[in-house]
Amino acid sequence: MARDVRLTGLTTSGKTPLQERVDSNESSDKEDNESTIHDIENQHGNTDLQQADVLAPDAVIYNAAEKLTLPREIAFVAVLCLSQFMTQVGLGQTLPIIHVLGNSLGVSKPGELNSGQLAWITAGYSLTVGSFILISGRLGDFFGYKKILTIGLCWFSFWTMVAGLSVYAENKFLLFVFARVLQGIGPSLCLPNGLALLGATYPAGKRKDFVFSFFAAAAPCGSITGAAFGSLFALAWWPWAFFSFAMALATTAIVGILVIPDIPSEAREKRRTMSWHETVVQLDLLGGAVGVLALVLCNFSWNQAPIVGWQQPHVFSIFLVGILTIPVFFYIELRVSPLPLLPLKALNADVAFVLACLACGWASFGIWFYYTFQTFLLLRNNNGTGSNPLLTTAMMVPEGISGAIAAVVTGFLLSRLRPAWVMTLALLAFTLGTVLICTAPVGQTYWGQTFFATIVIAWGMDMSFPAATVILSNAVDWEHQGIGASLVNTIVNYTISIGLGFAGTVEVHVNHGGHTRSDLLKGFRGAYYVGLGFAGMGLVISVLFLLRSYRRGGPMAS
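Keep in mind that what you see is a predicted model, and the values were worked out from it rather than measured.

Brief notes about the overall build of the protein
Turning to step 1, where the next piece is worked out: Regarding its fold elements, the protein presents 21 helices and zero strands.
Turning to step 2, where the next piece is worked out: In the protein, which comprises 558 residues, the share counted as buried stands at 59%.
Turning to step 3, where the next piece is worked out: Looking at the protein alone, contacts between residues at least 24 apart form 82% of all its contacts between residues at least 6 apart.
Turning to step 4, where the next piece is worked out: For the protein, the exposed surface amounts to about 21500 Å²; the carbon and sulfur share of it is 67%.

If you want it as structure tokens, here you go:
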């Protein structure tokens, strides 16, 4: 049976105490941010009431979107979608020019097929994007989503500029990787707080489904746009790709300050009377530090191992410390922290199924994306010598277009199908896309399996992400939207990075050093099979999730 939707913490006027204080404030800035609580059944009808079934029992329905004018709402959603778009630009801009960067930074030679250190050009960025998201949502819950989002964009812009300036350094590669690692902290601040702003602004319903779908659609568009501009600027001078990107990020931050409303929060109201000790406890800095440490150590070891080998003592030692730190983190969250980072009350079996599907799917997609670029750059053209960066990017364009279409279609599907069906279809797309690319002969025309692989894989990406974000956003109460958003983004970005570590380990063990194109192909095939394993496992989990939802007919069924 579906649970009743309950509105808690209301006064006799039908508003929360926080909303009473907002209404009494005569500031014109605050007037734009007044919130109105609506009964879901009257406001959205039976279809949206089905989606409200997945709300947390003590959820507060908050609709700040009603107070925004249409032009401001469009600008507001656009800026938040840009936080997702820019994150993927940061990833995509280096992939087609990774060998150009290696030559310029002095870690590879022209014509060299295999240079392990090049992996850190992308892995360094993904390392911090996936790891620091864990605590970013709590910072937004506590200090304000808008403030943390703006800080993230500014941080992102600064270190992007430093990455471009590394061309002038004495040790160019070291500074570039250092800048890329710190650059990743910017999107880790932006992503969960952008999602949290959407989650806190829109109540459960079709409108929320669509804005989350638009947010998801920004990902493939961003990665392809980043690849295109990176390739274009590399024709002249590659640092301009980073300089122009830094300017775009700074502009987005300025526009965001103007159009994003300040969402009131009980946590921020209480913070004004807290001591420093109370602030540290409420932020769960101890749990956050231990959690980030565990993620960073495990990620570093898996991405460093393919370069130097697991036989190196420091690699295995770092991995072991990371593994031992994980139970310490959960002990702190369960027994020590009064306000844990993880929304434990929302982590029921249904949500666990969704996160497991998400992890498997995005690990397979990260492998597919990276190794497809490498296959195009090094192996795929008429004479088997690889394609130039611009042609490689052009061959990936269908993925961006298909992904944008998939995200919009998912907005319709979420209000008409069980979330379990959406996740199952997403994992089926991940699996089919990987099968098509890993079995495509190198000499086959692009318009054969490869073209269809780029179209199909995007549906997995842009069906799974909005489905998971809607489920998690509705599963945690309004005050903790940042935590829910952090959990989804941590799973997505961290599994991309760690999945590449697994695939890289297999690649170096089967490619015989990667000195010939035949050996390279063996390594790439091995990596693709790892991605296929992840996708297949996720498909099995999603089918079990689907069968479970039919058997129970509970909240996740609608």
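Some thoughts on a nonpolar patch on the surface
Turning to step 1, where the next piece is worked out: Together, Leu417, Trp421, Leu425, Leu428, Leu432 and Tyr550 make up a nonpolar patch on the protein surface, roughly 500 Å² of accessible area in all.
Turning to step 2, where the next piece is worked out: Examining the composition of the nonpolar patch, we find that four residues originate from one element, helix α18 (residues 419-438), more than from any other.
Turning to step 3, where the next piece is worked out: Among the residues examined, Leu428 registers a relative accessible area of 37% and is labelled partly exposed.

Notes on the environment of Val492
Turning to step 1, where the next piece is worked out: Note on placement: Val492 falls in helix α20 (residues 481-510).
Turning to step 2, where the next piece is worked out: Separated by 31 residues in the primary sequence, Val492 and Met461 place their C-alpha atoms 9.8 Å from one another.
Turning to step 3, where the next piece is worked out: Not counting the four nearest positions on each side in its chain, Val492 is found in contact with Leu358, Trp362 and Phe465.

Here's the deal with the nonpolar core
Turning to step 1, where the next piece is worked out: One finds Phe76, Trp362 and Tyr371 to be the most contacted residues of the largest nonpolar core, which totals 136 residues.
Turning to step 2, where the next piece is worked out: No other element matches helix α16 (residues 349-378), which puts 19 residues into this core.
Turning to step 3, where the next piece is worked out: Apart from the residues lying within four places of it in its own chain, the contact partners of Tyr371 are Leu500, Ala503, Gly504, Glu507, Phe524, Ala527 and Tyr528.

Let's talk about helix α11 (residues 239-259)
Along an α-helix, residues three or four positions apart point the same way, because every turn accommodates 3.6 residues.
Turning to step 1, where the next piece is worked out: Taking 1.5 Å as the rise per residue, α11 with 21 residues should run 30 Å; its terminal C-alpha atoms sit 31 Å apart, in good agreement.
Turning to step 2, where the next piece is worked out: Of all the residues in α11, the buried ones are Pro239, Ala241, Phe242, Phe243, Phe245, Ala246, Leu249, Thr252, Ala253, Gly256 and Val259.
Turning to step 3, where the next piece is worked out: Where α11 is buried, its residues meet α4 (70-92), α7 (145-165), α8 (172-183) and α10 (206-236).

Thoughts on the confidence of the model for the protein
Turning to step 1, where the next piece is worked out: Considering every residue of the protein, the mean pLDDT works out to 79; 79% of them sit at 70 or more.
Turning to step 2, where the next piece is worked out: Predicted confidence for residues 1-62 stays below pLDDT 50, and this span has 120 contacts to residues more than four positions away or in other chains.

Topic: the side chain of Gln304
Turning to step 1, where the next piece is worked out: Tracing the chain through its elements places Gln304 in helix α14 (residues 285-308).
Turning to step 2, where the next piece is worked out: By relative accessible area, Gln304 is classed as buried at 15%.
Turning to step 3, where the next piece is worked out: Among all residues touching Gln304, those that are not within four sequence positions of it are Trp120, Gly309, His314 and Val315.

Things to note about the packing of aromatic side chains
Turning to step 1, where the next piece is worked out: For the structure on display, the rule yields 36 aromatic pairs.
Turning to step 2, where the next piece is worked out: For the pair Phe451 and Phe452, a centre-to-centre distance of 5.4 Å together with 70° between the ring planes defines the contact as edge-to-face.
Turning to step 3, where the next piece is worked out: We classify Phe452 as partly exposed; its relative accessible area is 45%.
Turning to step 4, where the next piece is worked out: Ring pairing ties together the aromatic residues Phe215, Trp362, Phe365, Trp368, Phe369, Phe373, Phe430 and Phe465, which thus form one cluster.

Procedures and definitions
- Residues numbered from 1 in each chain as written.
- Predicted model: local features only at pLDDT ≥ 70, side-chain atom pairs only at ≥ 80, totals over all residues.
- Heavy atoms only, no water.
- Helix = DSSP H or I, 4+ residues; strand = E, 2+ residues; numbered from the N terminus.
- Buried < 20%, exposed > 50% of the residue type's maximum accessible area, 1.4 Å probe, protein only.
- Contact = heavy atoms within 4.5 Å.
- Areas by Shrake-Rupley, 256 points an atom, 1.4 Å probe, with all protein chains shown as cover.
- Patch = residues over 30% accessible without salt bridge, like charges linked within 9 Å, V, L, I, M, F, W, Y side chains within 5 Å.
- Salt bridge = Lys/Arg side-chain N within 4 Å of Asp/Glu carboxyl O.
- Core = buried A, V, L, I, M, F, W, Y, C linked by side-chain atoms within 4.5 Å.
- Expected span 1.5 Å × (residues − 1).
- pLDDT = per-residue confidence, 0-100.
- Phe/Tyr/Trp six-rings, centres within 6.5 Å; stacked < 30°, edge-to-face > 60°.

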